[in-house]
Amino acid sequence: MTRRATARGEDRSSLDGTSVDVLICGASFAGLAVARELAGSAASMLLIDRYEIGERATSACAAPTPWLAAMGVQGAISQEIPHMRFTTPHGSFRYRLPWSWSSFDYRRLCELLYEQSGVRFETAKVKGRAPGAPPAGDGQIAVETDRGTIRARLVVDALGWRRVLAASGYQPPDAPLSRGLEVHPHSDASGSGDLDVWIERSLVRRGYGWCVPAGAEARVGVGSYAPEDHVRAPTVALAGRLGMPAERYQGNWFPHRLRAATEDGVFFAGDSAGHCFALSGEGIRTAFYFGIACGRELRAVLEQARSREDALRRYARFSASHRRAYAIALGLQRLIPALPPRALTLLLRAIGSQGIVDRAFGWYLDQAHPSFALPAGAQERPVTALAA
């Protein structure tokens, strides 16, 4: 259980009445990516989160290595992982990827991103839109926190799947959410060094198990696409199978369906917009990707290159332009658990040739390619290709 390091009592000064140009709610992957894009702006900006920067990780903390390099956070890498191994009850298949994964230290990565932003940070729990506040048309949006009401012309909700600043949110288990839980046992790094994935109905009915090597620890977990299915027992069982103790738990819900990226004047990025990729449950690089896109629209407004309304429309269209890729991933998420185990084993064997692996995983990376993190003039490929 994470213990909050935030100040309490008299140490928590009021933020009531604070007015800024940009308010970013949520200081994890998406919120920090937005803040990073605003570095050097003369506008008044505030980043808030209920936890300190990097205090509370909720994922396996692994991302494509090219993305970590593009974001300038290589210093947080714990271990590079060039291979993936997929195991069913009838076989195991090891693929060399055309790019590598890297596990990383969550706190260090968040610190490195924040250092690139220059944005003021305060701890505050966001409760929602301030009740009774004037509508967004008055030029400012009022956000209620446990430290008072904050107003801003530009507001970003990067608070995760709860979508706190929307009119209505999701409530598990009756929502398009997956659930995951993992343990972080200490490791002597004597394992395979691969990112291992188990697709076994005896472990989890609809979902998968994983083991991510991370230097001095392993990250062992189970994710279920069916939110009503509990994952604690399967996680403990998988750790036991690997000869590791079930210790240092962390988990979360994560979305598997794209949602509207704007609503009533607010920008949504990361899990709050459903930007987590279905099937794999990968949401870190997509949080970077859409956070960058959101940040660029905010900067354009701050530089008076476009209005807030134009920026909202552009960002909403950009997010929606990825519907096809997200629909394909969701279709595979529904198909793969339904395949008979022997048929799935044959499929994994059939796609094991290096050419097919390169094309399949190349397509996967292309849906949010790391070149997008580079300045517009330095991108290695056209932005239009990213949403193909």
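Q: Would you take a moment to explain the sheet that holds strand β13 (residues 217-224) for this structure?
A: Pairing is mixed across the open sheet formed by eight strands, whose spatial order is β3-β5-β4-β11-β12-β13-β10-β14. In the strand order of this sheet, the two ends are held by β3 (62-64) and β14 (249-255), each with one partner. Direction aside, neighbouring strands of the sheet carry axes that sit 30 degrees apart on average. Relative to strand β5 (residues 91-104), strand β4 (residues 77-88) is paired through ten bridges, and the arrangement is antiparallel. Residue pairing in the sheet places Ile-81 in a bridge with Trp-101 of β5.

Q: Would you mind going over the packing of helix α5 (residues 284-302) against helix α6 (residues 308-320) with me for this structure?
A: The packing of two helices is summarised by the inter-axis angle and the distance between the axes. Between α5 and α6, the shortest axis-to-axis distance is 9 Å and the interhelical angle comes to 160 degrees. Here α5 lies roughly antiparallel to α6, going by the angle between them. Note on packing geometry: the crossing formed by α5 with α6 is right-handed. When α5 is examined against α6, the residues Tyr-289, Phe-290, Ala-293, Cys-294, Glu-297 and Val-301 are found in contact with a partner set consisting of Arg-308, Ala-311, Arg-314, Tyr-315, Phe-318 and Ser-319.

Q: Explain the packing of helix α1 (residues 29-37) against helix α3 (residues 106-115) to me, please; I cannot follow it from the model alone.
A: Packing of α1 against α3 leaves a shortest axis separation of 9 Å and a crossing angle of 20 degrees. Judged on the interaxial angle alone, α3 and α1 are roughly parallel. Crossing hand, α1 versus α3: left-handed. Touching Phe-29, Leu-32 and Arg-36 of α1 are Tyr-106, Leu-109, Cys-110, Leu-113 and Tyr-114, all from α3. When the residues that make up the contact of α1 with α3 are grouped by side-chain class, the tally is seven nonpolar, no polar and one charged.

Cut-offs used in this document
Sequence order sets the numbering: in each chain, residues are counted from 1 along the sequence as written. Only residues with pLDDT of at least 70 are given local features in this predicted model, and only at 80 or more are side-chain atom pairs given and counted; all residues enter the totals for whole chains, interfaces and linings. Only hydrogens and water are removed before side-chain values are computed, so all heavy atoms of the structure are retained for them. The rule for pairing is simple: two strands pair if DSSP sees at least two bridges between them. Helix and strand assignments follow DSSP, with helices taken as H or I runs no shorter than four residues and strands as E runs no shorter than two, numbered in order from the N terminus. For every element, the axis is a line fit to its C-alpha atoms; helices are fit only across the contacting stretch, and the angle between N-to-C directions ranges from 0 to 180 degrees. Our angle categories are set so that under 35 degrees counts as roughly parallel, over 145 as roughly antiparallel, 65 to 115 as roughly perpendicular, and the remainder as oblique. For any pair of crossing helices, the crossing counts as left-handed if the nearer helix is rotated counterclockwise from the farther one by less than a right angle, and right-handed if it is rotated clockwise. In what follows, a contact means two residues having at least one pair of non-hydrogen atoms within 4.5 Å. Residues are grouped as follows: Ala, Val, Leu, Ile, Met, Phe, Trp, Tyr, Cys and Pro are nonpolar; Asp, Glu, Lys and Arg are charged; every other residue, Gly included, is polar.

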